[in-house]
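# Per-entry structural report
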Amino acid sequence: MIYLDNAATTAVYPEAADATTKIYTQQFFNPSATYRHGIEIKRILEKSREEISKLLGGKSKNVYFTSCATESNNWVLSTAFKAKNANLVVSSGEHASVFERAKAYKASGLDVRFAPLDRNGNVNVEKLLSLVDENTSLVSILHASNETGVVNDVERICCAVKEKNHKTLFHSDGVQAFLKFKFNVDASGIDFYSISGHKVGAPKGIGLLYAKRQLQPMLLGGGQESGFRSGTENVAGIISLNVAAREFVAATERANVTAISSFIETELKKISGVKIIGENSFRTGYVTCFTAEGTRAEVIQTMCCDKGLIVGRGSACSSKHRGNRVLQEMGLSLSEIDGALRLSYRPENTKEEAFRAVDVLKECIEKMRGHKIG
Ligand code: PLP
């Protein structure tokens, strides 16, 4: 099988899986326990926090482990309306975990403003800034799109937002950006940053929120995570996130993911009626979103799957609904959206896999169109 749906989730690194097994079966102690075993596991947990914070370019005291990035994103947004008359600004290209939360706030009568995307898939910064005013408490802008891999220059956007209102806090969902290119959270000026373990070879069920500013506690109880997110820590998840992140970094140093995605895109563009979405923007190199005229993505996806190639069809979280909010925002027609597929990579993908993926995609598109390509 060739798996090119890594933006949905990734295989767990064996080293990370081994680390979880060790925690589950041998070092299963509660990190709040005051006997030696508990103290030791707490030390290991804190070491992981320290190491992960370094990968982010931040400080360990600002790392709050959560169950997933959806939780991190919801947590940050929940703080937006503390003050009377406060408003929240998010982009229309956000992942559902920000967008749906924001929409629900708006439906409940709160002041939520949506900044549009441009045709290249970036947030329209001018329009975004026009929405920021003296009552804007929080702006949340996706770092890299799960749909297209398009990267927003969140450092620059954060700076421009704060120039307009220095009290406005800035959050970025970094799930699809984390470890994919150089980024330093503390140097960026951003106040909050979310990441998820299962996109970088850790198991599902572990995420974190990097928070430079004080938040309202997410869960009250035993006082874990400095009292901000109570609940016995997911020790195995935290430790395996650290192990996986290190494996991911080492793998990226050996690999050239951009060369793989560029090759695939060059080959796909040779097929008539194929368009790479977001092509003119800076992208992570880990996602290729493309549309093939006269095809239907769900059919091509199934045909590919039958031939051992797994490809995505936009965000797995929203694949139940027809259309695609983000691609629509970018001005794609409904028929283009119907033919849109997403290939997403990990550092371990090989050139041979890329050659085979292109062949399979060509065959399937040809078959669906009922004629040979080129
Ligand atoms: N944000 C982005 C950009 C994502 O791609 C995803 C998952 O697809 C999430 C948030 C949600 O992550 P999690 O599955 O950890 O809740």
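Refer to the structure above for everything that follows.
Just so it is clear, the model here is predicted, and its values are computed rather than measured.

Time to look at the site of the ligand. Lining the immediate environment of the ligand, one finds 14 residues, of which Thr70, Asp173, Gln176, Ser196 and Lys199 sit closest. In the environment of the ligand, an oxygen atom lies 2.5 Å from a nitrogen or oxygen atom belonging to the side chain of Thr70. One of the side-chain N or O atoms of His198 is found 2.8 Å from an oxygen atom in the ligand. Relative to its unbound accessible surface of 400 Å², the ligand loses 92% to contact with the protein. Here the shell around the ligand gets 3 residues from one element, more than from any other, and that element is helix H3 (residues 69-78). A class-by-class count of the residues in the shell around the ligand yields 4 nonpolar, 8 polar and 2 charged.

The next subject is the pairing of strand E8 (residues 207-211). When you tally the buried positions in E8, you get 5 out of 5 residues, the bulk of the element. With burial as the criterion, each face of E8 is covered, one bearing Gly207, Leu209 and Ala211 and the other bearing Leu208 and Tyr210. Of the strand pairs in this sheet, strand E2 (residues 63-66) and E8 are connected by 4 bridges, and their pairing is antiparallel. Among the inter-strand pairings, Val63 is bridged to a residue of E8, identified as Tyr210.

Its 12 residues place the ends of helix H1 (residues 14-25) 16 Å apart at the C-alpha level, agreeing with the 16 Å of an ideal helix rising 1.5 Å per residue. Listed as buried for H1 are Ala16, Ala19, Thr20 and Ile23. Across the axial projection of H1, the buried residues extend over an arc of 95°, all falling on one side. Among the exposed residues of H1, those pointing more than 90 degrees away from its buried face are Pro14, Asp18 and Thr25.

Rules used throughout
Residues numbered from 1 in each chain as written. Predicted model: local features only at pLDDT ≥ 70, side-chain atom pairs only at ≥ 80, totals over all residues. Heavy atoms only, no water. Near = heavy atom within 4 Å. Polar contact = N/O pair within 3.5 Å; in protein donor to acceptor, adjacent residues only side chain to side chain. Areas by Shrake-Rupley, 256 points an atom, 1.4 Å probe, with all protein chains shown as cover. Helix = DSSP H or I, 4+ residues; strand = E, 2+ residues; numbered from the N terminus. Nonpolar A, V, L, I, M, F, W, Y, C, P; charged D, E, K, R; others polar. Buried < 20%, exposed > 50% of the residue type's maximum accessible area, 1.4 Å probe, protein only. Pairing = 2+ DSSP bridges. Expected span 1.5 Å × (residues − 1). Arc of directions from axis to C-beta.

Remember, this is a structural readout, not a statement about activity or role.
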